[in-house]
Structure formats: structure tokens, C-alpha cells
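The chain contents come next:
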Amino acid sequence: MSGLAYELIRSRRKTLALEVTGEGEVVVRAPMRLARKTIEDFVARHEDWIREHQVIQRERRERHPEPGEEERAELIRLAKETLPGKVEHYGRIMGLRPTGLTITGARKRFGSCSAKNRICFSWRLMQYPEEAVDYVVVHELAHIRHKDHSRNFYACVEEVLPDWRERRQLLRE
């Protein structure tokens, strides 16, 4: 039996899955009727992986600590000032125009594009280098044309940002 604490979420899924959250907590997703012993064995077998990812998440939190109220307000102001111009600039290049733009406080994603082509960006994106910000803007604009992450989607991104892989990597550091 593993000594690791974890949250167990049962659902109609058919497989077991592990997640280490941004806070370093362990979430196990399991089928409804799967035996507890099977789940415990699964967690125990993956203990090294879990510990490794808890370290990764802790280091990420240390590199990008939650900003204080003043810094948060400044990042929101910067996002509202910067992102519409970037969307306009890259949208013109790509021949794409979102139906709207919203700045959010999302923690798990830097941007999103709705089925109705409304783009959202997290103000947290403003903590990253401009090259990474431009990548997220182009990525979300490309979703207006391609609602998936297919080859065609990435070809659309690459037309504008041939170095998109390096830019994306900046978001992971």
C-alpha cells in the first residue's frame, strides 16, 4: 500500500489515470467499480513518477509565484493594453478576426477560443516573454480556422511563426 495521499475520483471511465495538480496534489481517476486494492497498487507502482512531478510542480510554483494584489492589477492592465493590439496585428496577417476578446484569471490555460470564435486570454500570460505571448495569440487565432490541434492547425501557426516550438517551450519553463 502506498503512503501517498491522493484524491480519488470515480466515474464511468474505463482506465486509471494520474494527475499531479499545479499545487502538487495527486488526483487518481478510476472506473466506478474498480477494487480499491487495484487503485492502491497502481499508485504504489507510479510513486516515483508522482514524486518527480510533484517536484516539477513545486519548482514551477517557485518560478511563477502567485502575484500580490498590486502586481495582479498591473498584469491585468498590461494584458488589456497589449493583447487587443497583438490580436489585431496577427489577425490581419492571418486573415482572421475573433468575435470578441476577454481577459480572464484562468490558471490552467493561457488562452482559449470558443466555438463562436471568442478568444480569452489569462492575464497570467503577461508574466512570460513577448515571444511566448505572441505564440499564444497566434495559437488562439488559428483555432478560428481549425478547432483542433491537427497538422493543418500547426501549419497555420507555422506560416506566421516558423519558430513556434521554441516559443511554446518558453511557456513550459
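Residues numbered from 1 in each chain as written. Predicted model: local features only at pLDDT ≥ 70, side-chain atom pairs only at ≥ 80, totals over all residues. Heavy atoms only, no water.

**Considering the packing of aromatic side chains**
Part 1 of the reasoning: Scanning all chains against the criterion turns up 4 aromatic pairs.
Part 2 of the reasoning: Ring geometry for Phe153 against Tyr154: centres 4.8 Å apart, planes inclined by 85 degrees, an arrangement best described as edge-to-face. In terms of burial, Phe153 and Tyr154 fall into one category: buried. (Phe/Tyr/Trp six-rings, centres within 6.5 Å; stacked < 30°, edge-to-face > 60°. Buried < 20%, exposed > 50% of the residue type's maximum accessible area, 1.4 Å probe, protein only.)

**Details of the confidence of the model for the protein chain**
Part 1 of the reasoning: With 99% of its residues at a pLDDT of 70 or more, the protein chain shows a mean pLDDT of 94.
Part 2 of the reasoning: No element of the protein chain has a lower mean pLDDT than helix H2 (residues 47-63), at 92, and none a higher one than helix H4 (residues 130-145), at 98. (pLDDT = per-residue confidence, 0-100. Helix = DSSP H or I, 4+ residues; strand = E, 2+ residues; numbered from the N terminus.)

**Points about the nonpolar core**
Nonpolar side chains tend to gather and get buried jointly when the protein is soluble and globular.
Part 1 of the reasoning: The biggest cluster of nonpolar side chains holds 32 residues, and the ones touching the most others in it are Leu83, Met94, Phe121, Tyr135 and Leu141.
Part 2 of the reasoning: Breaking this core down by element, the ones donating at least two residues are helix H3 (69-94), strand E6 (118-122), H4 and helix H5 (151-160).
Part 3 of the reasoning: Among the elements that take part in this core, H4 stands out by supplying 9 residues, more than any other.
Part 4 of the reasoning: Residue contacts for Leu141: discarding those within four places in its chain leaves Val87, Tyr90, Gly91, Met94, Leu96, Pro98 and Ile119.
Part 5 of the reasoning: Among the nonpolar cores identified, the runner-up in size contains 11 residues, and Ala30, Phe42, Val43 and Ile50 belong to it. (Core = buried A, V, L, I, M, F, W, Y, C linked by side-chain atoms within 4.5 Å. Contact = heavy atoms within 4.5 Å.)

**Side note on the pairing of strand E3 (residues 26-31)**
Part 1 of the reasoning: The element E3 is largely enclosed, with a buried count of 5 among its 6 residues.
Part 2 of the reasoning: Relative to E3, strand E1 (residues 7-11) runs parallel, the two being bridged by 5 bridges. For Arg10, the partnering residue across the bridge sits in E3 and is Ala30.
Part 3 of the reasoning: Note: strand E2 (residues 17-20) against E3, 4 bridges, orientation antiparallel. Residue pairing across strands places Glu19 opposite Val27, the latter belonging to E3. (Pairing = 2+ DSSP bridges.)

**Quick look at the packing of H3 against H4**
Part 1 of the reasoning: Between H3 and H4, the least distance of the axes is 10 Å, while the angle of their chain directions is 55 degrees. In terms of orientation, H3 and H4 fall into the oblique class. Along this stretch, H3 crosses H4, giving a crossing that reads as right-handed. On H4, the residues touching Leu83, Lys86, Val87, Tyr90, Gly91 and Met94 of H3 are Glu130, Val133, Asp134, Val137, Val138, Leu141, Ala142 and Arg145. (Axes fitted to C-alpha atoms, helices over the stretch in contact; angles between N-to-C directions. Parallel < 35°, antiparallel > 145°, perpendicular 65-115°, else oblique. Left-handed = near helix turned anticlockwise from the far one by under 90°.)

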